[in-house]
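A look at the structure
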Amino acid sequence: MVILALILTKTLNYILVVTLQSIFILYIVHGIALIALPFVNKKFYESAIFRKGKFLVLGSRLFFICCMIALSYKMIIQTWQLILICVAVGTGIFLYRKVRDFKSEVLSEAEKL
């Protein structure tokens, strides 16, 4: 039913683009984590069986991150409004839960007194 509603309202394409954009963002974050690995967690980096040089890792990951940003640039421009709506809704849900949890903690502490 949800997919049918998205197709009928012609918003399925936006949902697919936002999903692909989130995958690109995840790949970018993974690239940044791999760049930081040899510098942040040297012990784990040195325990790898196949270990590339630090500068090779840095160069290849920077190239990868630039490619991901270039691929996602057009999608960000095309769907920035929908992305902002999703961010606002997600932030609202997060803040609602934080406030609700805080209120329940305060009430439980008050009951203990």
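Notes on the packing of aromatic side chains
In the structure shown here, the tally under the stated rule is one aromatic pair. Taken together, a centroid distance of 6.5 Å and an interplanar angle of 55° make the contact between Tyr-27 and Phe-64 tilted. Highlighted residues: Tyr-27 in helix α2 (residues 12–40) and Phe-64 in helix α4 (residues 54–112), separated in sequence by 37 residues. Overall, Tyr-27 belongs to the partly exposed group, its relative accessible area being 39%. On the basis of relative accessibility, which here comes to 23%, the residue Phe-64 falls in the partly exposed class.

Focus on the nonpolar core
One finds Val-17, Phe-24, Ile-28, Ile-35, Ile-65, Met-68 and Met-75 forming the largest nonpolar core, which totals seven residues. Looking at this core, the elements with two or more residues in it are α2 and α4. In terms of residue count, α2 provides more of this core than any other element does, four residues in total. Setting aside its immediate chain neighbours within four residues, Met-75 contacts Val-17, Leu-20, Gln-21 and Phe-24.

Describing the packing of α2 against α4
In the contact formed by α2 and α4, the axes pass within 8 Å of each other and the chain directions differ by 155°. Here α4 runs roughly antiparallel to α2, going by the angle between their axes. Read as a crossing pair, α2 and α4 show a hand that is left-handed. Residues that form the contact of α2 with α4 fall into these classes: 25 nonpolar, five polar and two charged.

Concerning the environment of Ile-23
Mapped onto the fold, Ile-23 is located in helix α2. Look at Ile-23 and you get partly exposed, because its relative accessible area is 34%.

Focus on the environment of Leu-8
Here Leu-8 is to be found in helix α1 (residues 2–8). Look at Leu-8 and you get exposed, because its relative accessible area is 64%. Once the C-alpha coordinates of Leu-8 and Lys-43 are considered, the two residues, 35 residues apart in sequence, prove to be 54 Å apart.

About the criteria used
- Residues numbered from 1 in each chain as written.
- Predicted model: local features only at pLDDT ≥ 70, side-chain atom pairs only at ≥ 80, totals over all residues.
- Heavy atoms only, no water.
- Phe/Tyr/Trp six-rings, centres within 6.5 Å; stacked < 30°, edge-to-face > 60°.
- Helix = DSSP H or I, 4+ residues; strand = E, 2+ residues; numbered from the N terminus.
- Buried < 20%, exposed > 50% of the residue type's maximum accessible area, 1.4 Å probe, protein only.
- Core = buried A, V, L, I, M, F, W, Y, C linked by side-chain atoms within 4.5 Å.
- Contact = heavy atoms within 4.5 Å.
- Axes fitted to C-alpha atoms, helices over the stretch in contact; angles between N-to-C directions.
- Parallel < 35°, antiparallel > 145°, perpendicular 65-115°, else oblique.
- Left-handed = near helix turned anticlockwise from the far one by under 90°.
- Nonpolar A, V, L, I, M, F, W, Y, C, P; charged D, E, K, R; others polar.

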